[in-house]
Amino acid sequence: MKAETDQRAGLFYGFGAYGMWGLVPLFWPLLQPSGAVEILAHRMVWSLAVVGLALLALRRWSWIRELLRDPRKLGLTTLAASVISVNWGLYIWSVNNGHVVEASLGYFINPLVSIAIGVLVLGERLRRTQWVAVGITFVAVLVLAIGYGRPPWISLVLACSFATYGLIKKKLNMGGLESLTAETAVLFLPALGYLLWLGAQGQSTFASQSTGHSLLLASTGLVTAIPLVFFGAAAIRVPLSTLGLLQYLAPVFQFGLGVLYFHEAMPPERWAGFSLVWAALALLTWDALGRARRSRAALAMAAPVVATPAREPA
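In this text the structure is predicted, and so the values were computed from the model without any measurement. (Residues numbered from 1 in each chain as written. Predicted model: local features only at pLDDT ≥ 70, side-chain atom pairs only at ≥ 80, totals over all residues. Heavy atoms only, no water.)

A. Geometry of helix H12 (residues 249-261). Here H12 is 13 residues long and its end C-alpha atoms lie 17 Å apart, about the 18 Å a rise of 1.5 Å per residue gives. The complete set of buried residues in H12 reads Leu 249, Ala 250, Pro 251, Gln 254, Phe 255, Leu 257, Gly 258 and Val 259. Note on H12: the residue one or two positions beyond its end, His 263, has a positive phi of about 55°. (Helix = DSSP H or I, 4+ residues; strand = E, 2+ residues; numbered from the N terminus. Expected span 1.5 Å × (residues − 1). Buried < 20%, exposed > 50% of the residue type's maximum accessible area, 1.4 Å probe, protein only.)

Here it is as structure tokens:
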């Protein structure tokens, strides 16, 4: 009964996390006339404040000493912070400049880019189905490049940066709240310095706009931290295969917003390119679910049979 309750709670948290990430394109335009870099700097500064308060409430500080004593982990944390700042900054710029659909494509193809990185960097071997999915995605990118008249660079940079970030996080092996704290701490001083410089130049929108605008900029910390907390709660309650399926909710919502709410153009060649990507993802999902099902069956068959202890002779 408890396991069933945990599973339901995990699904709720998973839908909540990916739902919020999927609807976040509605939030960034509210921060205009702030530019993407200023919004990113505020996101870094206020995120550190939010996660710092969360860690203070949870009294989880012991990991900081361990991190400071490990130069390798510090270097990886700095690299992760740099990569995710590129991802966040470009995503904010894309949404506020009418490229929501192209940005959503980046998160659709992200699992396939992660597979490619696994092959190129970690030396992993692909199954035939995965090779087919990667090949379909390559064709899809070509079709989209022809349709756009240029490579879909926003999608590619978002997918590659997030996949690289995932690889670094895998090597870091830190909790979600702790890693976000470390990454925002690394970028806190540069972000704060940039905001102070903007203010000195009279170009900051934080104080020059309304109080509501200032509060919205400050709320970027909550917009960053809350989905991450939900994701962490889901990750410990539902199987990884379920979490893998839920991840497609975010780009689906983003794509829907781009087409239906922001009214971005979708000529036939873009539909063709997206359809190929969706076909590749469907193939990948079918393969992953099949492997998970076979693994469960193999584990069930290999489960040791507990022998009934023989009674001792009288």
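B. Up close: the environment of Cys 160. As for its position among the elements, Cys 160 is in helix H7 (residues 153-172). Judged by its relative accessible area of 39%, Cys 160 is partly exposed. Between the C-alpha atoms of Cys 160 and Ile 236, which are 76 residues apart in sequence, the distance is 26 Å.

C. Summary view of helix H6 (residues 128-148). Look at H6: 30 Å from first C-alpha to last across 21 residues, which is about the 30 Å you get at 1.5 Å a residue. The set of residues buried in H6 consists of Thr 129, Gln 130, Ala 133, Thr 137, Ala 140, Leu 144 and Tyr 148. Looking down the long axis of H6, one finds its buried residues gathered within 90° of arc, a one-sided arrangement. Opposite the packed face of H6, turned more than 90 degrees from it, sit the exposed residues Arg 128, Trp 131, Phe 138 and Ile 146. Backbone geometry just downstream of H6 places Gly 149 in the positive-phi region, at approximately 80°. (Arc of directions from axis to C-beta.)

D. Broad picture of the pattern of salt bridges. Evaluation of the coordinates by the stated rule reveals 3 salt bridges. Note that Arg 150 is salt-bridged to Glu 102, the shortest N-O span being 2.9 Å. With Arg 150 in the loop between H6 and H7 and Glu 102 in helix H5 (residues 100-120), the pair connects residues that are 48 residues apart, well separated along the chain. The class for Glu 102 is buried, based on a relative accessible area of 1%. For Glu 183, the salt bridge goes to Lys 169, with nearest N and O atoms at 3.4 Å. Here the residue Glu 183 occupies a position in helix H8 (residues 176-200), and Lys 169 occupies one in helix H7, the gap between them amounting to 14 residues. (Salt bridge = Lys/Arg side-chain N within 4 Å of Asp/Glu carboxyl O.)

E. Quick look at the side chain of Ser 161. Position of Ser 161 relative to the elements: it lies in helix H7. You can call Ser 161 buried: its relative accessible area is 10%. A distance of 3.1 Å separates a polar side-chain atom of Ser 161 from the backbone oxygen of Leu 158. Ignoring anything within four residues of it in the chain, the contact list for Ser 161 reads Val 83 and Asn 87. (Polar contact = N/O pair within 3.5 Å; in protein donor to acceptor, adjacent residues only side chain to side chain. Contact = heavy atoms within 4.5 Å.)

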